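This is what each chain is made of:
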Amino acid sequence: MSVHLHWFLPTGGDGRTLVDRHAYTDGGVRRSRIAPVSGVRAPDVDYLAQIAKAAELLGFEAVLTPTGTWCEDAWLTTVALAQHTERLKFLVAFRPGVISPVLAAQMAATYQRITRGRLLLNVVTGGDGVEQRRFGDHLDHDQRYARTAEFLSVVRGVWGGQPYDFAGEHFRIEGGLTALPPDPLPQVFFGGSSAAAGPVAARHADVYLTWGEPPAQVREKVEWIRGLAAAEGRTVRFGIRLHTISRDSAKEAWATAERLLDDLDADTVAAAQQALGRSESVGQQRMLALHGGSRDGLEIAPNLWAGVGLVRGGAGTALVGSHAQVADRIEEYHALGIDHFVLSGYPHLEEVYWFGEGVRPELAARGLLAPVAGPDTSPTTNGRPASAPGGAPLLIAGGR
């Protein structure tokens, strides 16, 4: 299969270092046009549209938008950005514990019609208990994954276009219905490294997404999920989440990585490591184990640098090197079964050009890139896609 390239939208703010990128800090907005925080680019629509347009121009298929306290709402932000782009898809991250599955199914259906089929879903079960409780979610780690499995069962059930009943531990649905299902159905991206996460991916994910671990560890994950999916009679595709620092020469790329590292003082790293160490996420603990909080030996595999993870939660590794070297590493991961590459870099506007103009032509020359699909421009009738079921839906009860 071909490689699918995706970029990232920094909806919490952007910047030239690893530590000043957030516009939202300490529970409040510290960035304004009157008194800007030095070095931070606010995540307003104008700036995010620049990144989205650049990603589209450079041939990326989609952009990932995160979810959480310190970033803008992914659904609202991306549907606004869809008005500034034509074919770019949006990989919208959301937490199943804070929204009704029937409402989420309905939102996805509406989103597909508004954007003409440009929605991808990134289901984030949540590995930080403090963050989950902030949103009113008090389940423990394994219970959250059990709820996610029920959530996705309901979503897919109500997408069938007929009243759907479900009785589980976490959801009880009677006659759940998406009157006009999404067309096409959004692909579901899902990640998780724990024993509780694997079966959920095997039963419900279209694409299993891992953070950027060394190839040997990624191979183990792919084999693990592939085996679980086979036992369910399913096939799952695979993706990886990485940062990139790609330059015309390896020397330039590593100099950029070192500059990012030079911006981090010992206290900043120690505080970040202490906070990240409290995470319940098995994937986060695997990221921390790659560097152990030390600045030494951060190239943990050829061209794979763990420096980002000294201060950043989640994706903590970057591909660093010349354009050809970064392409080599992507080809190596692709040979392990990885098809989707969700990439980012600091700042995101500049780095999307470095990658798009440098690495993407390398991948194209090797025959690794999938063709870029255009938007669905099929005619509509009364706002309904031509491919949708004809006529008004039968209303079983009440109003709409």
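Values in this document were obtained by computation on a predicted structure and should not be read as measured data.

**Here we look at the overall build of the protein chain**
Argument step 1. Across its full length, the protein chain holds 12 helices and 19 strands.
Argument step 2. Within the protein chain, the fraction of its 400 residues that count as buried is 55%.
Argument step 3. Taking contacts inside the protein chain between residues at least 6 apart in sequence as the whole, the part at least 24 apart equals 73%.

**Topic: the pattern of salt bridges**
Argument step 1. One pass over the full model with this rule turns up 14 salt bridges.
Argument step 2. Where Glu213 meets Arg286, a salt bridge forms, and the shortest distance between an N and an O atom there is 2.7 Å. Placement of Glu213 in the loop between strand 12 (207-211) and helix 7 (215-231) and of Arg286 in helix 10 (residues 282-289) is noted, with a sequence separation of 73 residues between them.
Argument step 3. Residue Glu213 is classed as buried on the basis of its relative accessible area, which comes to 1%.

**A short note on the confidence of the model for the protein chain**
As a general rule, the predicted coordinates of low-pLDDT regions are not to be interpreted in detail.
Argument step 1. Within the protein chain, residue pLDDT values average 87, and 87% of them lie at 70 or more.
Argument step 2. For residues 26-36, every residue scores under 50 in pLDDT, and the model assigns this stretch 17 contacts once sequence neighbours within four places are set aside.

**Thoughts on the packing of aromatic side chains**
Argument step 1. Enumeration over the complete set of coordinates arrives at 8 aromatic pairs.
Argument step 2. Each ring, one from Trp75 and one from Tyr111, has its centre 6.0 Å from the other, and the planes form 70°; the classification is edge-to-face. One end of the pair, Trp75, is in helix 2 (residues 74-81); the other, Tyr111, is in helix 3 (residues 101-115), with 36 residues separating them in the sequence. Here Trp75 matches Tyr111 in class, with each residue buried.
Argument step 3. Here a set of aromatic residues connected by ring pairs shows up, and it is made of Trp75, Phe94, Tyr111, Phe151 and Phe171.
Argument step 4. Positioned over the ring face of Phe8 is Arg312, at 6.0 Å from the centre of the ring.

**Things to note about the environment of Gly314**
Argument step 1. Its location among the elements puts Gly314 in the loop between strand 15 (304-305) and strand 16 (318-322).
Argument step 2. Classification of Gly314 as buried rests on a relative accessible area of 11%.
Argument step 3. Along the chain, Gly314 and Gly283 lie 31 residues apart, while their C-alpha atoms are 7.8 Å from each other.

**Concerning the nonpolar core**
Argument step 1. Tyr333 and Phe355 are the most contacted members of the largest nonpolar core, which totals 76 residues.
Argument step 2. Counting 20 residues, the second largest nonpolar core, distinct from the first, contains Leu264, Val269, Ala272 and Ala318.

**Some details on the side chain of His334**
Argument step 1. Counting through the fold element by element, His334 comes out in helix 11 (residues 323-335).
Argument step 2. Separated by 2.8 Å, the side chain of His334 and the backbone oxygen of Ile338 make a polar contact.
Argument step 3. In this structure, His334 is in contact with Met1, Ser2, Val3, Asp339, Phe341 and Leu368, ignoring residues within four places of it in sequence.

**Brief notes about the side chain of Thr125**
Argument step 1. Tracing the backbone shows Thr125 in the loop between strand 8 (119-123) and helix 4 (129-134).
Argument step 2. Given a relative accessible area of 3%, Thr125 falls into the buried group.
Argument step 3. With near-sequence residues (within four places) excluded, Thr125 lies in contact with Pro96, Gln132, Arg144, Tyr145, Thr148 and Phe190.

**Observations concerning unusual backbone geometry**
For residues besides glycine, phi is generally negative; the peptide bonds are generally trans as well.
Argument step 1. Residue Asp183 is joined to Pro184 through a cis peptide bond whose omega torsion reads 5°.
Argument step 2. When you line up the elements, Pro184 lands in the loop between strand 10 (172-176) and strand 11 (188-190).
Argument step 3. With an omega of -10°, the peptide bond between Tyr346 and Pro347 qualifies as cis.
Argument step 4. Inspection of the secondary structure assignment puts Pro347 in the loop between strand 17 (338-344) and helix 12 (348-365).
Argument step 5. Of note, the phi angle at Arg116 is positive, near 60°, even though the residue is not glycine.
Argument step 6. Note on placement: Arg116 falls in the loop between helix 3 and strand 8.

**Re helix 1 (residues 45-57)**
Argument step 1. For helix 1, built from 13 residues, the straight-helix expectation of 18 Å at 1.5 Å per residue is met to within 8% by its first-to-last C-alpha distance of 18 Å.
Argument step 2. Those residues of helix 1 lying buried are Tyr47, Leu48, Ala49, Ile51, Ala52, Ala54, Ala55 and Glu56.
Argument step 3. In the core, the buried residues of helix 1 are packed alongside strand 1 (4-8), strand 2 (14-15), strand 5 (40-41), strand 6 (62-65), helix 2 and helix 12.
Argument step 4. Looking one or two residues beyond helix 1, the residue adopting positive phi is Gly59, at roughly 95°.

**Remarks on the environment of Cys71**
Argument step 1. Tracing the backbone through its elements, the reader meets Cys71 in the loop between strand 6 and helix 2.
Argument step 2. With relative accessibility at 14%, the residue Cys71 sits in the buried group.
Argument step 3. The spatial distance from the C-alpha of Cys71 to the C-alpha of Pro43 is 8.2 Å, given a sequence separation of 28 residues.

**Looking at the environment of Ala216**
Argument step 1. Here Ala216 is to be found in helix 7.
Argument step 2. Taking C-alpha positions, Ala216 is 9.1 Å from Leu336, a pair spaced 120 residues apart along the chain.

Each value, and the rule that gives it
- Residues numbered from 1 in each chain as written.
- Predicted model: local features only at pLDDT ≥ 70, side-chain atom pairs only at ≥ 80, totals over all residues.
- Heavy atoms only, no water.
- Helix = DSSP H or I, 4+ residues; strand = E, 2+ residues; numbered from the N terminus.
- Buried < 20%, exposed > 50% of the residue type's maximum accessible area, 1.4 Å probe, protein only.
- Contact = heavy atoms within 4.5 Å.
- Salt bridge = Lys/Arg side-chain N within 4 Å of Asp/Glu carboxyl O.
- pLDDT = per-residue confidence, 0-100.
- Phe/Tyr/Trp six-rings, centres within 6.5 Å; stacked < 30°, edge-to-face > 60°.
- Lys NZ or Arg CZ within 6 Å of the ring centre and 35° of its normal.
- Core = buried A, V, L, I, M, F, W, Y, C linked by side-chain atoms within 4.5 Å.
- Polar contact = N/O pair within 3.5 Å; in protein donor to acceptor, adjacent residues only side chain to side chain.
- Expected span 1.5 Å × (residues − 1).

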